[in-house]
Amino acid sequence: MSNNPFAKLPEVASFKVTSNDIVEGLPLPPQQYSEMSGVEGGKDLSPHLKWSGAPEGTKSFAVTAYDPDAPTGSGLWHWAVINIPASVTELPTGAGDEHGSGLPQGALQLPNDLRLERFIGAAPPAGHGPHRYYFVVHALDVEKIGVDPSATPALLGFTMLGHTLGRAVLVATGEIK
């Protein structure tokens with residue numbers, strides 16, 4: 001599990017992201033698992049995220065959730081939110097529901113790899129071993145990243161390449177035995 005999704009990207013400043021729901025390096029709580037995972041308490045709730053120390057010049061943020069260990073050859077994107085104003089430094093638990101009810105005005109959820117415009121919780125295949133879930137806040141040098149609302153998170157990543165000033169990363173784990 002040494003694959004790092006940022007290893008081949010240009011280095012950028014790092015800043016801090018924390019959560020009331022998830023802890024760096026520890027297993028996800030049941031509420032952050034998918035309802036379809038079979039995990040009791042799975043609710044597809046996006047975790048609370050709070051960030052600080054973004055680089056000077058930040059004009060907006062994007063938030064992504066990604067499992068590089070999914071057995072797909074390309075990982076699995078669980079969530080992507082764009083156009084979060086630079087004045088916003090926190091998203092509440094459940095912000096990524098199907099209505100984006102906890103997102104700030106102007107923010108937009110892109111379709112994830114299940115083509116749903118919301119957060120989908122962890123659902124690693126039973127017996128596949130531990131998976132890492134990267135919750136990332138990207139500090140961008142533009143107010144609007146300029147991707148089509150139907151764009152994939154992978155296209156978002158490509159588009160952010162030349163606009164990322166900094167990255168705050170929180171990695172939790174998930175496993176179904």
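These remarks concern the structure in this document. (Residues numbered from 1 in each chain as written. Predicted model: local features only at pLDDT ≥ 70, side-chain atom pairs only at ≥ 80, totals over all residues. Heavy atoms only, no water.)

1. A few points about the overall build of the chain
Item 1. On a plain count of helices and strands, the chain comes out with one helix and nine strands.
Item 2. The helix and strand sequence of the chain, counted from the amino end, reads β-β-β-β-β-β-β-β-α-β.
Item 3. Over its C-alpha atoms the chain spans a radius of gyration of 15 Å, differing by no more than 12% from the 16 Å that the globule rule assigns to 177 residues.
Item 4. Over its C-alpha atoms, taken along the principal directions, the chain stretches across nearly 45 × 35 × 30 Å.
Item 5. In the chain, 73% of the contacts between residues at least 6 apart in sequence involve partners at least 24 apart.
Item 6. Total accessible area on the chain stands at roughly 8500 Å², and carbon and sulfur atoms take up 53% of it.
Item 7. Each charge class in the chain was averaged separately, 11 positive and 18 negative side chains, and the resulting centres sit 4 Å apart. (Helix = DSSP H or I, 4+ residues; strand = E, 2+ residues; numbered from the N terminus. Rg over C-alpha atoms; globule rule 2.2 N^0.38 Å. Contact = heavy atoms within 4.5 Å. Areas by Shrake-Rupley, 256 points an atom, 1.4 Å probe, with all protein chains shown as cover. Lys, Arg positive; Asp, Glu negative; His and termini not counted. Charge placed at Lys NZ, Arg CZ, Asp CG, Glu CD.)

2. Some remarks on the pairing of strand E5 (residues 76-85)
Item 1. Burial of E5 is extensive: nine of the ten residues sit out of reach of the surface.
Item 2. Two strands pair when backbone bridges link them, and strand E4 (residues 60-67) and E5 are joined in this way by seven bridges, in the antiparallel orientation. From the neighbouring strand, Val63 faces E5, where its bridge partner is Val81.
Item 3. Relative to strand E7 (residues 108-109), E5 is paired through two bridges, and the arrangement is antiparallel. The partner of Ile82 across the bridge, within E7, is Leu108. (Buried < 20%, exposed > 50% of the residue type's maximum accessible area, 1.4 Å probe, protein only. Pairing = 2+ DSSP bridges.)

3. Some remarks on the pattern of salt bridges
Item 1. Applying the stated rule across the entire model yields two salt bridges.
Item 2. Close ionic contact of Arg118 with Asp44 constitutes a salt bridge, the shortest N to O distance being 3.9 Å. Placement of Arg118 in the loop between E7 and strand E8 (131-140) and of Asp44 in the loop between strand E2 (16-18) and strand E3 (49-52) is noted, with a sequence separation of 74 residues between them.
Item 3. Residue class for Arg118 comes out partly exposed when judged on its relative accessible area of 22%.
Item 4. On the basis of relative accessible area, Asp44 is assigned to the buried category, the value being 9%.
Item 5. A salt bridge links Arg132 to Asp69, with the nearest nitrogen and oxygen atoms 2.9 Å apart. A residue pair is termed long-range when its members are at least 10 positions apart, and Arg132 in strand E8 and Asp69 in the loop between E4 and E5 qualify at 63 residues. (Salt bridge = Lys/Arg side-chain N within 4 Å of Asp/Glu carboxyl O.)

4. Some thoughts on the side chain of Ser34
Item 1. Take Ser34: it is sitting in the loop between E2 and E3.
Item 2. Given the relative accessible area of 1%, Ser34 is considered buried.
Item 3. In contact with Ser34, not counting residues within four places along its chain, are Gly42, Asp44, Gly121, Ala122 and Ala123.

5. Comments concerning the environment of Ser52
Item 1. You can see Ser52 is positioned in strand E3.
Item 2. When the C-alpha atoms of Ser52 and Ser37 are compared, they prove to be 32 Å apart, with 15 residues separating the residues in sequence.

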